[in-house]
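# Chains, contacts and geometry: an overview
Here are the chains, one letter per residue:
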Amino acid sequence: MTRGFSPTGVSTEAAVFARRVVEAVEPVSVARAKSLLFAVSRLGAFGLLVGLPLEVEVLFSDPVIERACVSGLSSHSPATVRTVRANLRYVADRLLPSARPARIPRERAKPPYSASELAAYMALARAQTTPSRRHRALSYICLGAGAGLVGSDLREVRGLDVVSRSGGVLVEVHGRRERAVPVRREFHDDLLAAAGFAGEAYLTGGSEPQRRNLTNPLSSSLAGGIDLGPLDGGRLRSTWLRACAGEIGLRAFLDAAGVTSSQRLGDIVAGLPAAEEHEAVVLLEGHG
């Protein structure tokens, strides 16, 4: 696959090393072979520059790869550096699999609930045997699927933190990431009723802000057998995320921009002005 191709801009020694390494990897196409040749030849050139032997075991360690990308490719664009790093790690994974640390798989978003599943859980919550259990269960669903709250953000919401203003209903979240979250309008009535019942108390129950595993009893009480397992807070948040993404046209934007990863979206959003509260209420379907 590498015959007839020679990396340019590097010494003969580095080019020979690159061809030998890439042939051992057995790339699936000519284009892939060229991309790997470029990356490995630059790694070889860096090794010669700093006095390292052209040996796979030496050059394809993580520290050498990082130094080669940072120091040896300083004149290249960030996109090129990222591509070279990815290609070098690809080669290392295949030539030195036992020396590479196990990769931690990226956590995927949990699947959102369907409208029918959510309606079934709401029915189970309304069928709880006491007003206290009923309001706690409804609060769990409304704060999760209606405002996207999980963890401490969910546990530390009191009844007084649910307010009607700016044309909708908002949850005032306290703690490390203080913010006001518009509640989707289909959850307004149940959440307002639960908030009125709780008053100064926590909506999901308990008396200590640091309490743990509080949602486990709630999740277990909202289970309907084989077809409806214990309620999952992560899936409730995914339900809210999908609904809001649909309202703001996120899929259309990503498709139009040709974006498949959210890595740079935070940088883009950081330069935008924050939406006014009443604008967020309308945008996220919290009005009414």
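Basis of the calculations
Residues numbered from 1 in each chain as written. Predicted model: local features only at pLDDT ≥ 70, side-chain atom pairs only at ≥ 80, totals over all residues. Heavy atoms only, no water. Pairing = 2+ DSSP bridges. Helix = DSSP H or I, 4+ residues; strand = E, 2+ residues; numbered from the N terminus. Axes fitted to C-alpha atoms, helices over the stretch in contact; angles between N-to-C directions. Parallel < 35°, antiparallel > 145°, perpendicular 65-115°, else oblique. Contact = heavy atoms within 4.5 Å. Nonpolar A, V, L, I, M, F, W, Y, C, P; charged D, E, K, R; others polar.

### Examining the sheet that holds strand S2 (residues 168-173)
Pairing is antiparallel in the open sheet, where three strands are placed in the order S1-S2-S3. Of all the strands in the sheet, just strand S1 (162-165) and strand S3 (179-182) have a single pairing partner and so form its edges. Taking the axes of each pair of neighbouring strands and ignoring which way they run, one obtains an average angle of 35° across the sheet. One ladder, built from four bridges, connects S1 with S2; its direction is antiparallel. Residue pairing for S2: serine 164 is matched across the bridge by valine 169.

### With respect to the packing of helix H6 (residues 115-126) against helix H7 (residues 131-145)
It is the contact of H6 with H7, at a shortest axis distance of 8 Å, that shows an interaxial angle of 155°. By the angle between their directions, the pair H6 and H7 is classed as roughly antiparallel. From H6, Leu118, Tyr121, Met122, Ala125 and Arg126 reach across to H7, where they touch Arg134, Ala137, Leu138, Ile141, Cys142 and Ala145. Here the contact of H6 with H7 is built from residues that sort into nine nonpolar, no polar and two charged.

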